[in-house]
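Below are the chains, spelled out letter by letter.
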Amino acid sequence: MNQTCQCLPGTNIYQPHLMEIVKIIAETEDTKTFHLQFQDPVIKGAFSFLSGQFAEYSVFGEGEATFCISSSPTRMDHLEFSVKRVGRVTQALHHLNTGDAVGFRGPYGNHFPLDRLEGKNLVFIGGGIGLAPLRSLIQNVLDNRLDYGEIIILYGARSPQDLCFKYDLEAWNQNPTVKMITTVDAGDKAWKGKVGLVPIVLQEIAPSPTNAMAITCGPPIMIRYTLLALEKLGFTPSQIWTTLEMKMKCGVGKCGRCNIGPLYVCKDGPVFSFEEIRNFISDEF
Amino acid sequence: MYKKIGREKFLPWLSRVKTQAQVFAPVRENGLWTYGEWKNQDLPESFLNSRLSPKGLFLESLEPLFGWTSPAGPLQVKPVPSSSGPRVIFGIKACDARAIRILEPVFSGNFPDGFYPGNLARTILLGVACRVQCPGSFCGEMGIDPQDSANCDIFFRETPQGRIAKIVTGKGKDLVEGNDLWVESSQEEWESARKEIKGRREKPLFDLEKVKDRIARRFPEEDLWQRVSAKCINCGACTYLCPTCHCFDICDLQVPGRGARFRCWDSCAYPSFTRMPVHNPREEKWRRYRQRVGHKFYFYPQNFQLVACVGCGRCVAHCPVNLDLREVLLEVAR
């Protein structure tokens, strides 16, 4: 999984391209999805990425922040990324309108191992905004549906109001080739889905590990218990994939903060098999 | 290749060099040694080492990455004028010269950072042999010979008559060749100019091979790291003084109509270094101290086949609570 640099030699790797916001979707009270297009048609034509890669997005004057690309490389009309409002840069992003410019540099990091997922039954397990990187892969897989076996998507959030990508959840629910399970930690009167934490619901639905791969992303605590639940179900560490989040500044292995042990999330990840990280995950993540 | 130059001819030669390149040398600022622009002054004889390492000449402590203007129309991103023009740094020590090379793979590789390699390419390093062991230093333990260096373009040993130069690179050769102030010297003269180092220890304080061998195993031992980091006050002084600490932050500065994005040195000693909105993987002090030692002696060797420490001793000599890395390494190697 080698990274490729799409910048020209001699150019400044820290200088972003300009992208225009073409659409904003309010996912929840504190989360928005932005649809972006490169201002420069030459860059738009040359740009490519793979599911699981991330980028550095910036609001000039406020700073940069790291988010995965949440759209699929099979749908290259525009790029999407989703932002929960939690700090200075995310606050500034939430204040932007369509037509505004954001800085973009990337794609960075490795990607989901599509070649190793082919022909397999896939179990996607997402929590909260952690669905964003999985969504890129899910769309990618659904756009090449015949290459894969059964698909189970388990997605959870704290409450029905916190579910992101409701339009996707609805579409996957309607898709006869997908088994879609949605759960919330606490439901309300209108809620008809499951109630319960993701790792517990996962054990209830008990997907078979035979010829399967599990791909998970969510808050660190959810990832940790999901890994345990998957092991209980008989998934081996090499059958489990996750994508990790750490604070990053450069995105390209230089600023020195996103490591978990000797692994740098920005350049050795963000996608890891449980096999690669099992010695470190309990310790520093 | 070895050349020598008489005592009285050295400054005239350096003045000639100055006509072709910007020359840096040890200068005293506010009572502390640093590397500053050489203004033809006499050079220090008993210069131990600078307080801040010369890494700042390659990775600036505050460096604009690019700027932008936002007039009425659309925002315009503008590159900053790149630092260019040849430079010569005189007086650099073997440890610091090695550190500058150690950092190179971080800034080259798949995503080459134009700033660091650019600064390296335009700089000629004139190293000087040490005569006194610096306080807190452990260069010997780190396998560095303070009286020789393959990481400089020219390396000098001082003699009562002047200086003997080992010409290491082509860039170094170009600087002295055909110059009438220099005369031929020999390996014998070079060897005989090796002097005793005042204050040098007979026995090493720790065995680096054992540290490298054992640190992966000792990394998960929480009580070890809690014990060795107990008195750390998270001031970050060690990271700013260190010639191989390279971690940085990126931040924006804006005034109406224009702005710039900078990078500045950052420190793994600070909780904010890794703090995310809901989670901080290194909230506890012992994790942050372990990160610093682990980065240098475990992750860096694994990722770049280099130990990211040169034993300059700045972190030992200037730690406000006397946290001694040498003792920590001895403990790790145990």
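Residues numbered from 1 in each chain as written. Chains lettered and ligands numbered in written order. Predicted model: local features only at pLDDT ≥ 70, side-chain atom pairs only at ≥ 80, totals over all residues.

A count of helical and extended segments in chain A gives eight helices and 15 strands. Since a compact globule built from 285 residues should have a radius of gyration of about 19 Å, the 18 Å found for chain A is in line with a globular shape. Along the three orthogonal principal directions, the C-alpha set of chain A runs to about 50 × 45 × 35 Å. Buried residues in chain A amount to 51% of all 285 residues. Sequence separation of 24 or more characterises 69% of the internal contacts of chain A that already satisfy a separation of 6 or more. (Helix = DSSP H or I, 4+ residues; strand = E, 2+ residues; numbered from the N terminus. Rg over C-alpha atoms; globule rule 2.2 N^0.38 Å. Buried ≥ 20, exposed ≤ 12 C-beta atoms within 10 Å, placed from the backbone. Contact = placed C-beta atoms within 7 Å.)

Let's shift gears to the interface of chain A and chain B. The accessible area lost on association of the parts is a frequent measure of interface size. Every contact between the two is made by 32 residues of chain A and, on the other side, 38 residues of chain B. Of all elements in the fold, only strand 4 (63–68) and helix 8 (274–284) of chain A reach the threshold of two or more residues within the side of chain A that touches chain B. Each residue belonging to the side of chain A that touches chain B can be placed in one class, and the counts come to 15 nonpolar, nine polar and eight charged. (Nonpolar A, V, L, I, M, F, W, Y, C, P; charged D, E, K, R; others polar.)

Looking now at the pairing of strand 3 (residues 54–59) of chain A. All names here are of chain A. Within strand 3, six of the six residues are buried, which leaves the element mostly enclosed by the surrounding structure. Here strand 3 shows no split at all, with Phe-54, Glu-56 and Ser-58 on one side and Ala-55, Tyr-57 and Val-59 on the other all buried. Both strand 3 and strand 4 contribute to a ladder of six bridges, which runs antiparallel. By the bridge assignment, Glu-56 is partnered in strand 4 with Thr-66. The loop that links strand 3 with its antiparallel partner strand 4 comprises three residues; one of these, Gly-61, has a positive phi angle of about 100°. Bridge count between strand 3 and strand 6 (residues 101–108): four bridges; the pairing is antiparallel. Considered in strand 6, the bridge of Tyr-57 is made with Phe-104. (Pairing = 2+ DSSP bridges.)

Residue and element names in this part refer to chain A. Examined at the domain level, chain A breaks down into domain 1 (17–108) and domain 2 (114–243). Using C-alpha coordinates to define each centre, domain 1 is positioned 24 Å away from domain 2. Every contact between the two is made by 16 residues of domain 1 and, on the other side, 14 residues of domain 2. Taken together, the residues of the side of domain 1 that touches domain 2 sort by class into three nonpolar, nine polar and four charged. (Domains from an automatic or database assignment.)

So, about the sheet that holds strand 8 (residues 151–157) of chain A. Residues and elements named next belong to chain A. Taken together, the seven strands give an open sheet; going across it, the order is 10-9-8-7-11-12-15, and neighbouring strands pair in mixed fashion. Each of the sheet's edge strands pairs with one partner strand only, and the pair in question is strand 10 (194–195) and strand 15 (271–273). Here two bridges tie strand 9 (residues 178–184) to strand 10, and the two strands are oriented parallel to one another. Counted as the bridge partner of Thr-183 is Lys-194 from strand 10. Packing against the sheet, helix 5 (residues 166–174) makes contact with strand 8 and strand 9, and its axis sits at approximately 135° to strand 9. Contacting strand 7 (121–127), strand 8, strand 9 and strand 10, helix 6 (residues 198–205) runs over the sheet at an angle of about 150° to strand 8. (Axes fitted to C-alpha atoms, helices over the stretch in contact; angles between N-to-C directions.)

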